[in-house]
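In case you want the letters, here they are:
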Protein chains: 2
Amino acid sequence: MFSFRPIGFVQSPYTDTAQIPKGPGAEHAAEGVLELLPEFESGLTDIDGFSHLYVLWIFDRAEGYDLLSMPPTDDRVHGVFATRAPRRPNPIGLTVVRLLRREGTRLFVRGLDMLNGTPIVDLKPYLSSVPSGEIKRGWLAEARVD
Amino acid sequence: MFSFRPIGFVQSPYTDTAQIPKGPGAEHAAEGVLELLPEFESGLTDIDGFSHLYVLWIFDRAEGYDLLSMPPTDDRVHGVFATRAPRRPNPIGLTVVRLLRREGTRLFVRGLDMLNGTPIVDLKPYLSSVPSGEIKRGWLAEARVD
């Protein structure tokens, strides 16, 4: 077992999962703040130069998990590791956000898809991308888009 | 505090961190296997259709952390959240791999950059990429490349 503690918390406009756009066509344009705990501030040195960040966070309001489930945007069952479902064996979320600016321990970002108050466990620079022509999107390519 | 347990382990050609290519110009072409524990096999249903996966894993041989450190590819100090250094407050690693094929609980992949035996805590489909023209790489853009 490995134990993690929050390094900060998300300030997001979303207070209910029903408000968060989901599925292949979802646009994540929500803006908010990643607020780090003061003890971690020096770990943000130089982060301003990056345009995009990975945010690793906890689905802290999800309970238990299913290995097979039906996503909200499809009518077929898929394995949990082929989805981004919150109820997973280790409920870690991953989001790429655009960094707009930093003010001390506060990172102003665009592209949030997590609830207000979500615990953050790590931040990393987003460095490279796989050329979009090389990406196969599995069952999502043929999923029903609402 | 949040506790996570391994869902599987990495079989990688790397047994020492010195063998792993590092820095902005590093090519991660190593092939290996992500072997899930049998109890999680059904969670892999439909994963075969995706070309790329996110692997979330633990730097299980790193101890402690520094908020400021000098990466092997630069001669300046940077904040830990602006690097991918192993010694971080929550030692979670993130790698994008190419999925070559699946055999039961075994995912054959290319692009490993972790040590043999590394614990895996989550897998997610890699869905989209930020257009490379939009990415700013911060201090890495001007770092010394060996």
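Residues numbered from 1 in each chain as written. Chains lettered and ligands numbered in written order. Predicted model: local features only at pLDDT ≥ 70, side-chain atom pairs only at ≥ 80, totals over all residues. Heavy atoms only, no water.

**Student:** Report on the interface of chain B and chain A, specifying residues and quantitative values.
**Tutor:** Listed by partner, the interface residues are 63 residues for chain B and 63 residues for chain A. Roughly 6,000 Å² is buried in total at the junction of chain B and chain A, and carbon and sulfur atoms are behind 62% of that figure. When residues of chain B are sorted by the area they lose upon contact with chain A, Phe2(B), Phe4(B) and Phe81(B) head the list and together hold 15% of the total. Our count for the contact surface shared by chain B and chain A stands at two salt bridges. The residue Arg88(B) makes a salt bridge to Asp122(A) at a minimum N-O spacing of 2.9 Å. Scanning the region where chain B abuts chain A turns up 25 residue pairs in polar contact (both at pLDDT 80 or more). Grouping the amino acids of the side of chain B that touches chain A by side-chain chemistry returns 35 nonpolar, 16 polar and 12 charged. In this structure, strand S1 (residues 2-4) of chain A lies alongside strand S1 (residues 2-4) of chain B, joined through three bridges in antiparallel fashion. Across the sheet, residue Phe4(A) finds its bridge partner in S1(B), namely Phe2(B). (Contact = heavy atoms within 4.5 Å. Buried area = accessible area lost by both parts, 1.4 Å probe. Salt bridge = Lys/Arg side-chain N within 4 Å of Asp/Glu carboxyl O. Polar contact = N/O pair within 3.5 Å; in protein donor to acceptor, adjacent residues only side chain to side chain. Nonpolar A, V, L, I, M, F, W, Y, C, P; charged D, E, K, R; others polar. Pairing = 2+ DSSP bridges. Helix = DSSP H or I, 4+ residues; strand = E, 2+ residues; numbered from the N terminus.)

**Student:** Hey, could you go over the relation of the copies chain B and chain A for me, with residue numbers and the actual values?
**Tutor:** Least-squares fitting of chain B to chain A yields an RMSD of 0.0 Å, with the transformation described by 0.0 Å of translation along the axis and a rotation of 180°. The superposition operator between the copies reduces to a two-fold rotation axis. Closest to the rotation axis within chain B is the C-alpha of Ser3(B), separated from it by 2.2 Å. Mapped onto chain A, 100% of the interface residues of chain B are again interface residues, and the two copies thus contact each other with one and the same surface. (Least-squares fit on C-alpha atoms with pLDDT ≥ 70 in both.)

**Student:** Tell me what's going on with the sheet that holds strand S9 (residues 119-125) of chain A, and back it up with residues and numbers.
**Tutor:** In space, the six strands of this closed barrel follow the order S2-S3-S8-S7-S4-S9 (chain A), with antiparallel pairing throughout. Mean inter-strand twist for the sheet, computed between neighbouring axes without regard to direction, equals 45°. (Axes fitted to C-alpha atoms, helices over the stretch in contact; angles between N-to-C directions.)

**Student:** Describe the environment of Glu63(B), naming the residues involved and giving the relevant values.
**Tutor:** Considering the arrangement of structural elements, one finds Glu63(B) in the loop between strand S4 (52-58) and strand S5 (68-69). Separated by 18 residues in the primary sequence, Glu63(B) and Thr45(B) place their C-alpha atoms 35 Å from one another.

**Student:** Got a sec to walk through a nonpolar patch on the surface? Specific residues and values, please.
**Tutor:** Together, Leu68(A), Met70(A) and Val77(A) make up an exposed nonpolar region whose accessible area comes to about 260 Å². Within the fold, Leu68(A) resides in strand S5 (residues 68-69). (Patch = residues over 30% accessible without salt bridge, like charges linked within 9 Å, V, L, I, M, F, W, Y side chains within 5 Å. Areas by Shrake-Rupley, 256 points an atom, 1.4 Å probe, with all protein chains shown as cover.)

**Student:** Break down the sheet that holds strand S7 (residues 92-103) of chain B for me, citing the residues and quoting the values.
**Tutor:** The pairing of strands in a sheet happens through backbone hydrogen bonds and is either parallel or antiparallel. Residues and elements named next belong to chain B. Strand order in the closed barrel formed by six strands is S2-S3-S8-S7-S4-S9, and the pairing between neighbours is antiparallel. Across this sheet, the average inter-strand angle for adjacent strands is 45°, counted without regard to direction. Pairing analysis gives five bridges linking S4 to strand S9 (residues 119-125), with the strands arranged antiparallel. What sits directly across from Tyr54, in S9, is Lys124.

**Student:** Can you explain the pairing of strand S3 (residues 30-36) of chain B? Please cite residues and give values.
**Tutor:** All names here are of chain B. Burial within S3 is extensive, with five of its seven residues counted as buried. Relative to strand S8 (residues 106-112), S3 runs antiparallel, the two sharing six bridges. Bridged to Ala30 within S8 is Leu112. (Buried < 20%, exposed > 50% of the residue type's maximum accessible area, 1.4 Å probe, protein only.)

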